[in-house]
Amino acid sequence: MKFDTPATTNPIDRLRVVGHPVDRVDGPLKTTGRAPYAYEQQLPDRPPAYGAVLGAAIAKGRIVSMDTTAARQAPGVLAVVTAENAGKLTLGKMNTARLLGGPEIQHYHQAVAVVVAETFEQARAATRLIRVRYERERGAFDLEAARPQAKVPEKENGGEPVGDFDGAYASAPVQLDATYKTPDQSHAMMEPHASLAAWDGDALTIWTSNQMIAWGRADVARTLGLDEEKVRLISPYIGGGFGGKLFVRADALLAALGARAAGRPVKVALARPLIINNTTHRPATIQRIRIGAGTDGRITAIGHESWSGDLPGGQPETAVQQTRLLYAGANRKTTLYLAELDLPEGNAMRAPGEAPGLMALEIAMDELAEKLKMDPIALRALNDTQVDPADPKRPFSSRRFIECLRTGAERFGWDQRAAQPGARREGRWLIGLGVAAAFRNNLVTKSAARVRLDREGRLTVDTDMTDIGTGSYTIIAQTAAEMLGLPIDRVTVRLGDSSFPVSAGSGGQWGGNSATAGVYAACMKLREAVAARLGLDAAQAEFDEGQVRQGGRSVPLADALTQGELSAEDAIEFGDLDKRFQQSTFGAHFVEVAVDAYTGETRVRRMLAVCAAGRILNPKTARSQVIGAMTMGVGAALMEELAVDKRAGFFVNHDLAGYEVPVHADIPHQEVIFLEETDPVSSPMKAKGVGELGICGVSAAVANAIYNATGVRVRDYPVTLDKLLAQLPAPERAA
């Protein structure tokens, strides 16, 4: 199905099942422990062995020698695989560094060996018997130090200046020029990167924790030199990914290599230090923002430059994307710079680009509001735009940003905010309110599904779409039930298998909208097959409560199955609507904090997110996504930071004891409001993505609230108490 004109009235608009807060269909399986994750998969007739990974002890250099003799002779050991005996391996298309290093080492904890043994404990013990001698080379591990050598990436696009930024900024009566820093961050998902691999002759099956099945299958085949038809990836349940599992990592490859060497299935799970240093992370940024405005608050010039680092061949953190579209202003300049660093690979993490970019931009907007002596919401509303600022002929498909701000202000009690920072106190606590815009582009991508109606009238949906805790099973079941007029308990959804039609996969906030649109396309084809058997016109037929109706005629759906089951397969393919219309999602975050005047301890008291993201397919699962994203935003604001050892080139706090993330006690109250909206330009579902929008702007709202509480402006995340203490009001005045 080609989607190249805006959607009109269609079966989804009935909203009998779609749009309702349906419980997650996979909930009972997960709460009872019956949902098998990758490492829990069992092969009853082929008991697996276990692999343990040895990571490089240097960040850059070469392996001079590796002695595996003692490891091979250790109890229970079946095989030891290194670059020397693994055979030819090709760099995956989605990988920046090789997943099995040697003799060259590209980053700390790059995998250099996997030991396979009868038990995990035996494999882990044997890795400690491997003797590796390295030749260390000098590396670059400090973004600030590497900043002068950073370059604009060749693949950078959309960064061409608009108007005369330099001239407009220089002549602006009100100017802001500030630099902000965000640190390296880890995805810190609960489920580790884990895989079970098994060979059947020259065919390979990997049960793995992976968000993008088609990407993963292609890269496994490419890396091992196999035909894709010989590779099967299965990932029905994933315990969190946040972008860290978009790409195949060392666990999958080493499980495959270990299984081939040992002649039996092998399980590999990465230990937490390897997850943090061996897999991907969100790279640190240094961002300079310059805004020029008139005394009335209208922006005349806006500039945003961002520096980030990655391994050679890597990509920058796209932190300026939202600045190109969020606010009006005739003169614009946004530029990305990439420095080569020898730290582990930087790559996508929830809302890549917009999350760290808004951490800077939305503090800058608050600082500008203060210079102008304007309310921060009024400033944002004044600079709203209904068209792409760089291409005014290209309107937004829908943009309810001001309504998000105003709805949130009324619900949150923004009129109670003290305009003067540090003016509101409750005993030793300084109280402040903060706001920030939420913005994330709406992305869509081709997605396919197969649907089958059996003789009992049960509908089965097959697609390689994944569920990373987002509710994919549920919204796909809702979509199929709506399309065929069935109760949701008559729909079975099967996901995460490369033998199924290729879907959008989970990532980039495109998964839910694109994947359900693919199911919509397949169901439209199935409706045609049903109507043909019943002698009805598919274009006029209504599917409802197990009946197919047209005009005055009503026929049980089951009558179409007397001759046998029916199936259909189709994909949604998107045309050029994204070029004709700017498709984005919008929101506003509101935060109240209390800061201890004596210690600088910050407590988030309450949070509100107001989102405009097209049709909300399931308000319950969507709310879950947004409050989870809000929680991640609090972590980024107050505690999350990978500490870099700039001498040895690794992340020091590489476990969940040292890398702190929020817990329930840190987040006392959260509220989410979804504005009623449909966007027919986006997809037949008239929906948009929402899972990543919830993190965009949260950290800035927290930082702005801290400033409102204390009068202390911190531009270097996270906003820890040591950055507040020296500038806090004297305790005797705040008590």
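Everything numeric in this text was worked out from a predicted model, so none of it was measured. (Residues numbered from 1 in each chain as written. Predicted model: local features only at pLDDT ≥ 70, side-chain atom pairs only at ≥ 80, totals over all residues. Heavy atoms only, no water.)

1. As for the sheet that holds strand β3 (residues 61-67)
Here comes step 1: Taking strand neighbours across the sheet as the criterion, the three strands line up as β5-β3-β7 in an open arrangement whose pairing is antiparallel. Strands with a single pairing partner mark the edges of an open sheet, and in this sheet they are β5 (104-105) and β7 (131-136).
Here comes step 2: Note that β3 and β5 share two bridges and pair antiparallel. Residue pairing in the sheet places Gly61 in a bridge with Ile105 of β5. (Pairing = 2+ DSSP bridges. Helix = DSSP H or I, 4+ residues; strand = E, 2+ residues; numbered from the N terminus.)

2. What to know about the UniProt feature "domain: Aldehyde oxidase/xanthine dehydrogenase a/b hammerhead" (unreviewed entry) in the chain
Here comes step 1: When the UniProt feature table is mapped onto this chain, "domain: Aldehyde oxidase/xanthine dehydrogenase a/b hammerhead" (unreviewed entry) is found at residues 32-138.
Here comes step 2: Taken end to end, residues 32-138 is 11% helix and 33% strand, and its two terminal C-alpha atoms sit 51 Å from one another. (UniProt positions renumbered as here; feature names shortened; annotations may be inferred.)

3. Remarks on the nonpolar core
Here comes step 1: The biggest cluster of nonpolar side chains holds 89 residues, and the ones touching the most others in it are Ile291, Leu326, Phe590, Val593 and Val702.
Here comes step 2: Apart from the residues lying within four places of it in its own chain, the contact partners of Phe590 are Ile377, Cys404, Leu405, Gly408, Ala409, Phe412, Trp414, Gly434, Val435, Arg606, Met607 and Leu608.
Here comes step 3: Among the nonpolar cores identified, the runner-up in size contains 52 residues, and Phe3, Val18, Leu617 and Val681 belong to it. (Core = buried A, V, L, I, M, F, W, Y, C linked by side-chain atoms within 4.5 Å. Buried < 20%, exposed > 50% of the residue type's maximum accessible area, 1.4 Å probe, protein only. Contact = heavy atoms within 4.5 Å.)

4. Points about the environment of Met639
Here comes step 1: Here Met639 lies in the loop between α15 (619-638) and β29 (644-645).
Here comes step 2: Sequence separation between Met639 and Pro662 is 23 residues; the distance between their C-alpha atoms is 7.9 Å.
Here comes step 3: Not counting residues within four places of it along the chain, the set of residues in contact with Met639 comprises Val634, Glu660, Val661, Pro662, Asp666 and Pro718.

5. So, the pattern of salt bridges
Here comes step 1: Inspection of every chain in the model, using the stated rule, returns 47 salt bridges.
Here comes step 2: With its nearest N and O atoms 2.7 Å apart, the salt bridge here joins Asp384 to Arg399. With Asp384 in the loop between α10 (376-382) and β16 (387-388) and Arg399 in the loop between β17 (391-395) and α11 (401-412), this residue pair connects regions lying 15 residues apart in the sequence.
Here comes step 3: The class for Arg399 is buried, based on a relative accessible area of 6%. (Salt bridge = Lys/Arg side-chain N within 4 Å of Asp/Glu carboxyl O.)

6. Some thoughts on the packing of aromatic side chains
Each aromatic ring pair is summarised here by two numbers: the centre-to-centre distance and the angle between the ring planes.
Here comes step 1: Within this structure, the stated rule accounts for 15 aromatic pairs.
Here comes step 2: Where Phe3 meets Phe574, the ring centres are 6.0 Å apart and the plane angle is 75°; that geometry is what we call edge-to-face. A residue pair is termed long-range when its members are at least 10 positions apart, and Phe3 in strand β1 (residues 2-3) and Phe574 in strand β26 (residues 566-574) qualify at 571 residues.
Here comes step 3: In this structure an aromatic cluster arises from ring pairing among Tyr327, Phe396, Phe401, Phe439 and Phe586. (Phe/Tyr/Trp six-rings, centres within 6.5 Å; stacked < 30°, edge-to-face > 60°.)

7. Brief notes about unusual backbone geometry
Here comes step 1: Backbone torsion omega between Gly102 and Pro103 reads -5°, so that peptide bond is classified as cis.
Here comes step 2: For Pro103, the position within the fold is in the loop between β4 (77-82) and β5.
Here comes step 3: Across the junction of Tyr717 and Pro718, the peptide omega takes the value -10°, indicating a cis bond.
Here comes step 4: Tracing the backbone shows Pro718 in the loop between α16 (698-710) and α17 (722-725).
Here comes step 5: Even without glycine at this site, Glu545 takes up a positive phi of about 50°.
Here comes step 6: When you line up the elements, Glu545 lands in the loop between β23 (542-544) and β24 (547-550).
Here comes step 7: A positive phi angle is found at Lys686, which is not glycine, with a value near 60°.
Here comes step 8: Within the fold, Lys686 resides in the loop between β31 (670-674) and α16.
Here comes step 9: Looking at Lys686, the relative accessible area reads 9%, which means it is buried.

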